[in-house]
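An overview of the molecular structure
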Amino acid sequence: MRLLAGLTAAALSGLAAAASQQTADVYILTANQQSSSETPSIPKEVARHILLQRASRQPYGSDLRDIPSSTDTETAVSHIARFGTGPEPLFSQSDKTNAPQLVVILEGVTYQQSHDLKDALSQAGHPAAFRVSDAPSAAANKNLMTLFRQLGSAPSQPCDLAHALNPANEECWSGVSSVVNYDLQNTSSTYSALLASLPQINKLVAASDLEVTLLVLPDSTRSSKINSWSTLAGNPTNNRRRDSGERVITDSTVVWPAPSTPTRSAKVNIQKKAIPACFLSLDACKEATNDCSGHGTCVNKFGTGNATSSDARACFACKCMATVVRRGDEPGTSGKKTVHWGGNMCQKKDVSVPFWLITGFTITIVGAVTFAIGLLFSVGQEQLPGVIGAGVSRGASK
């Protein structure tokens, strides 16, 4: 009898421990979605680094000192490289920039909501990228959001989901990344809004105008005994072992001052560096792009609304037009040149057509000259006919 009671108690404690460490699915919605046969299970410390890397405004770097001993450092680095944003070139500047990064943290998700969301995303071609094997408690999520606010990636005020999906919305975005957090037990309408917004999200992701990282935390993780996403970063005493001049990214302590309000010149520099892919209104698109640099017009990209609406689901962007440059207006002059434009502000000349014309002409000329030289060389190597050779020999004998 005592043995049966002991086995029962051990089984119940095992089930309690398993329930306290619920897994959390993470979905990464990108244009170049990588398909995988299996979904890896990643520790919360590595998942934290992935979220920080995707939401970072600057090149992200860390010594990964908080990675648990059960996880190999090389494996952790490979996970961050696979699920993080693409690296920038080291020795050259590229015009290609990463799409705006949106990180959505959903708390209090029920089993049915998680199942329905998984089916909807799988049908759209976005299966779960990885799972967090030991999702922490709600207190740890609160500290993580505090860290994102200190880094300037999360808005200081609650942000509606419809506005968070638009990088041009200044209430939710102040740069190229944004992190928002929703508790579905307090805001049940957010789940319905997310399912209704999936077609819009798929369009933005397919056009490389937005990348979304969705962290789905089950409701059972509220009672988890894990109170930090990173034990080392969450424990200030462990940080004393580091160099005194090194700053530590923690979840519960202030390590960087809150970002100040950018000046007008700073906003101009940000706009020059990364123009939002979508604008809420026609006037905002014209003002930010200088009326598409005079080489195009602002249009509603996906046609959801009229030309002057300011709906949160509207997406106004530049549609570049070709311009015609004439060589003179005086009598007797003729000729004109058509210039094509590109870029998110229609500020770049499209030189692909002249490039291919020059390249094709050069290849054709080089080929023709090579063929002519080869033909002359082959003709010069041929022997003279026998009749001509005999006449030449007789003349020489006289």
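Summarised in this report is the structure supplied together with it. On a predicted model such as this, the values are computed, not experimentally measured, just so you know.

Attention shifts here to unusual backbone geometry. Of note, Asn290 is a non-glycine position whose phi angle comes to about 55°, a positive value. Take Asn290: it is sitting in the loop between helix H11 (282–289) and strand E7 (296–300). Of the residues examined, Asn290 reaches a relative accessible area of 59% and is grouped as exposed. The phi torsion at Cys292 lies on the positive side, around 55°, for a residue other than glycine. Considering the arrangement of structural elements, one finds Cys292 in the loop between H11 and E7. Overall, the relative accessible area of 0% leaves Cys292 in the buried class.

Glancing now at the pairing of strand E6 (residues 211–218). For E6, a buried count of eight out of eight residues is recorded, marking the element as mostly surrounded by other parts of the structure. Neither face of E6 is open: one carries Glu211, Thr213, Leu215 and Leu217, the other Val212, Leu214, Val216 and Pro218, and all of them are buried. Examined bridge by bridge, strand E1 (residues 24–29) and E6 share five bridges and lie antiparallel to one another. Counted as the bridge partner of Tyr27 is Leu214 from E6.

In the contact formed by helix H4 (residues 111–123) and helix H7 (residues 189–196), the axes pass within 11 Å of each other and the chain directions differ by 10°. Comparing the axis directions of H4 and H7 gives the class roughly parallel. Residues Gln112, Gln113, Asp116, Leu117 and Ala120 of H4 lie in contact with H7, whose contacting residues are Tyr191, Leu194 and Leu195. Among the residues forming the contact of H4 with H7, the class breakdown is five nonpolar, two polar and one charged.

Attention now moves to a nonpolar patch on the surface. A grouping of Phe361, Ile365, Val369 and Ile373 is seen on the molecular surface, where their side chains present a nonpolar patch of about 400 Å² in accessible area. The residue Ile365 is located in helix H12 (residues 352–380) in this model. Overall, the relative accessible area of 39% leaves Ile365 in the partly exposed class.

What follows covers the state of the cysteines. Here the structure, examined in full by the defined rule, presents four disulfides. The disulfide partner of Cys159 is Cys172, and the gap between their sulfur atoms is 1.5 Å. The chirality of the disulfide connecting Cys159 with Cys172 is right-handed, given an S-S dihedral of about 85°. Of this pair, Cys159 sits in the loop between helix H5 (138–150) and helix H6 (161–164) while Cys172 is found in the loop between H6 and strand E5 (177–183), placing the two residues 13 residues apart along the sequence. For Cys172, a relative accessible area of 4% corresponds to the buried category. Across the disulfide from Cys285 sits Cys298; the S-S distance is 2.2 Å. Every disulfide takes its handedness from the sign of the S-S torsion; for Cys285 and Cys298 that torsion is -80°, giving left-handed. Highlighted residues: Cys285 in helix H11 and Cys298 in strand E7, separated in sequence by 13 residues.

Quick notes on the rules
- Residues numbered from 1 in each chain as written.
- Predicted model: local features only at pLDDT ≥ 70, side-chain atom pairs only at ≥ 80, totals over all residues.
- Heavy atoms only, no water.
- Helix = DSSP H or I, 4+ residues; strand = E, 2+ residues; numbered from the N terminus.
- Buried < 20%, exposed > 50% of the residue type's maximum accessible area, 1.4 Å probe, protein only.
- Pairing = 2+ DSSP bridges.
- Axes fitted to C-alpha atoms, helices over the stretch in contact; angles between N-to-C directions.
- Parallel < 35°, antiparallel > 145°, perpendicular 65-115°, else oblique.
- Contact = heavy atoms within 4.5 Å.
- Nonpolar A, V, L, I, M, F, W, Y, C, P; charged D, E, K, R; others polar.
- Patch = residues over 30% accessible without salt bridge, like charges linked within 9 Å, V, L, I, M, F, W, Y side chains within 5 Å.
- Areas by Shrake-Rupley, 256 points an atom, 1.4 Å probe, with all protein chains shown as cover.
- Salt bridge = Lys/Arg side-chain N within 4 Å of Asp/Glu carboxyl O.
- Disulfide = S-S within 2.5 Å.

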